[in-house]
Amino acid sequence: MNRKRTFFCVIAALALIFSSAPCWASPQMDAAKKWVDNEFQPSTLTKDQQMKEMEWFIKASEPFKGMHIKVVSETIPTHEYESKVLAKAFEEITGIKVSHDLIQEGDVIEKLQTQWASGKNIYDGWINDSDLIGTHMRYGFVVPLSDFMKGEGKDVTLPTLDIPDFMGISFTTGPDGKIYQLPDQQFANLYWFRYDWFKREDFKKQFKELYGYELGVPVNWSAYEDIAEFFTEHVKEIDGKRVYGHNDYGKKAPDLGWRFTDAWLSMAGVGSKGLPNGKPVDEWGIRVEGCAPVGSSVCRGGAANSPAAKYALRKYMEWLRKYAPPGCLGLDFYTYLPILAKGNVAQQIFWYTAFVPDMVAPGPTVNADGTPKWRMAPSPHGPYWEEGMKLGYQDCGSWTFMKSTPLDRRKAAWLYGQFCVAKTTSLKKALVGLTPIRDSDIRSEAFTKRAPKLGGLVEFYRSPARVAWTPTGTNVPDYPKLAQLWWQNVGEAVSGEVTVDRAMDNLAREQDKVMQRIERSGAQKECGPKLNECVDPNVWLSKAGSPKAKLANEKPKGMTVDYDKLIQAWQEGRVK
């Protein structure tokens, strides 16, 4: 009797143990194990921890098994990896089929607007730049993820998502404290230069004789200009090849707008102090009071046509004509990218780290051992810049979900979005696309080993300096409508159709007109534009902060820093 009772107790205990154990024998867990073993390595998680995340995805996805969802993103290597690899893995592990479309960034925004206007569900999930955070938090078209994760989406929110681990989460958080988007990839625009040329003793000696200070990473625009002149007009040739001190593009096309809205004005010093964006005046020259935009024009307290903004456009045009390779005026964002890889440019003030994968391939700018001949460093700043301002731009493509998407489809797409950023998959994806989103990933041993071949990327993202590079912020109330004004007006100046002063005056006035229309519509409620009346611009220019009065000397003495000392500072946790 006692033996029988003991036997049944043992059986019951074993049944309880196995019922709570992972479903290792299921085909989906077999698929997960295959992907964890063969693709999702390295990871900051152990394989057992990865399998627990995969088990959670399998269980959470059960109600949506067999569903076919559609998501979209722009075309960069990170998203190509998601579309080709992670979408396939997700389907095998969860049973949810994903069509992950890759299109141009402008097309993503156009389709977003179509879904807003029509209410028709075009895509179930979007990887959309956090530059639209001001648009999203005002119009109410997108789902605030903070609310979703606690409410309707609680049952499909990964317990190990670890929101504080995302380096760019402040970029996707509105003034109300709510998270509207979840970072999927991010990359900064930094200063790029030929480290091997800057280390040459003959060049260092010649530069100091000519300019009176050391050849090094430029701290200000004066030094950048001197270095551009030095290589273009004094060095001229290296190893029989004509060299140039600057690289850029100037074709009148939509991507010329990104060239400026991606923080060119903030680098010059147009806006106010404050991170992630200047307050009350941001890098677009838009002033806000509370959460309401009140104007772009200096006469309304904005800075889009301020002396600092006009200085920024003049310098861009001057450098492009004097120091860039022939033909750059006719190039766009896509056609100018291969120029650096040819090996005849000394520096570029504005270079997206998303293109590191292309620049580490064998070629004229890479050593035989795979280490780069180039390095990345902080962008130099213009004479209007002040300590405490943002210093450059950081793209943060982020998962975004629409209220017009049916709840079941939104939940399934949210699961796929989390799969693309979960700790199980994120490190491998970051090593492929080099657009890291997690602090834990960039500090991993895998990136420590890779760092010597990435030209400063790892050191930058591990440093406290990374917070000074931020996307467009919440001052911009309607990114799609306002962004198109930039390339049209800047393009007219570059092509010589209008003066610099006229171009920036027109831009400021047209931005104000768009915001006036939004104000009249009432569509954005309490955080919508409430424009100030125009007054004498000198009223605003005489006050402290932005907009700033014209400086008597817009070219102070050049300042440089030794790159190796800068890297040491970053490694020790200092900005400089």
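Residues numbered from 1 in each chain as written. Predicted model: local features only at pLDDT ≥ 70, side-chain atom pairs only at ≥ 80, totals over all residues. Heavy atoms only, no water.

Participant: Please clarify how the nonpolar core should be interpreted in this entry.
Facilitator: The tendency in soluble globular proteins is for nonpolar side chains to be buried as a group. In this structure, Trp 221, Phe 231, Trp 264, Leu 313, Tyr 316 and Phe 447 are the most contacted members of the largest nonpolar core, which totals 129 residues. A total of 10 residues in this core trace back to one element, the largest contributor, which is helix H13 (residues 307-323). In contact with Trp 221, not counting residues within four places along its chain, are Trp 264, Met 267, Ala 268, Tyr 311, Ala 312, Lys 315, Trp 319, Ile 349, Pro 380, His 381 and Gly 382. Core analysis: the next-biggest nonpolar cluster, separate from the first, contains 50 residues, Val 36, Leu 86, Ile 96 and Trp 399 among them. (Core = buried A, V, L, I, M, F, W, Y, C linked by side-chain atoms within 4.5 Å. Buried < 20%, exposed > 50% of the residue type's maximum accessible area, 1.4 Å probe, protein only. Helix = DSSP H or I, 4+ residues; strand = E, 2+ residues; numbered from the N terminus. Contact = heavy atoms within 4.5 Å.)

Participant: Help me understand the pattern of salt bridges, please; the structure alone is not making it clear to me.
Facilitator: Any two side chains of opposite charge can pair, on the condition that their charged atoms come close. Inspection of every chain in the model, using the stated rule, returns 37 salt bridges. Between Glu 91 and Lys 97 there is a salt bridge, with its nearest N and O atoms 4.0 Å apart. The class of Lys 97 is partly exposed, set by a relative accessible area of 37%. In this structure, Arg 300 engages Asp 512 in a salt bridge whose closest nitrogen and oxygen atoms are separated by 3.0 Å. Placement of Arg 300 in the loop between strand E9 (292-295) and H13 and of Asp 512 in helix H21 (residues 500-521) is noted, with a sequence separation of 212 residues between them. Taking the relative accessible area as the measure of exposure, Arg 300 reaches 13% and is therefore buried. (Salt bridge = Lys/Arg side-chain N within 4 Å of Asp/Glu carboxyl O.)

Participant: Would you explain the state of the cysteines in this entry?
Facilitator: Two cysteines, two sulfur atoms, one covalent bond between them: this is a disulfide. For the structure shown, the criterion picks out 2 disulfides. In this model Cys 291 forms its disulfide with Cys 527; the gap between the sulfur atoms is 2.1 Å. Across the S-S bond linking Cys 291 and Cys 527, the dihedral sits near -90°, which makes this disulfide left-handed. Highlighted residues: Cys 291 in the loop between strand E8 (287-289) and E9 and Cys 527 in the loop between H21 and helix H22 (537-541), separated in sequence by 236 residues. Paired by a disulfide, Cys 299 and Cys 534 hold their sulfur atoms 2.0 Å apart. Placement of Cys 299 in the loop between E9 and H13 and of Cys 534 in the loop between H21 and H22 is noted, with a sequence separation of 235 residues between them. When its relative accessible area of 44% is taken as the criterion, Cys 534 is described as partly exposed. Described in terms of the sequence order of its bonded cysteines, the disulfide pattern of the protein chain is 1-3, 2-4. The thiol sulfur of Cys 396 is not disulfide-bonded, and the nearest other cysteine sulfur, from Cys 420, lies at 14 Å. Given a relative accessible area of 1%, Cys 396 falls into the buried group. (Disulfide = S-S within 2.5 Å.)

Everything listed here is a matter of coordinates, which is why it stays silent on function.
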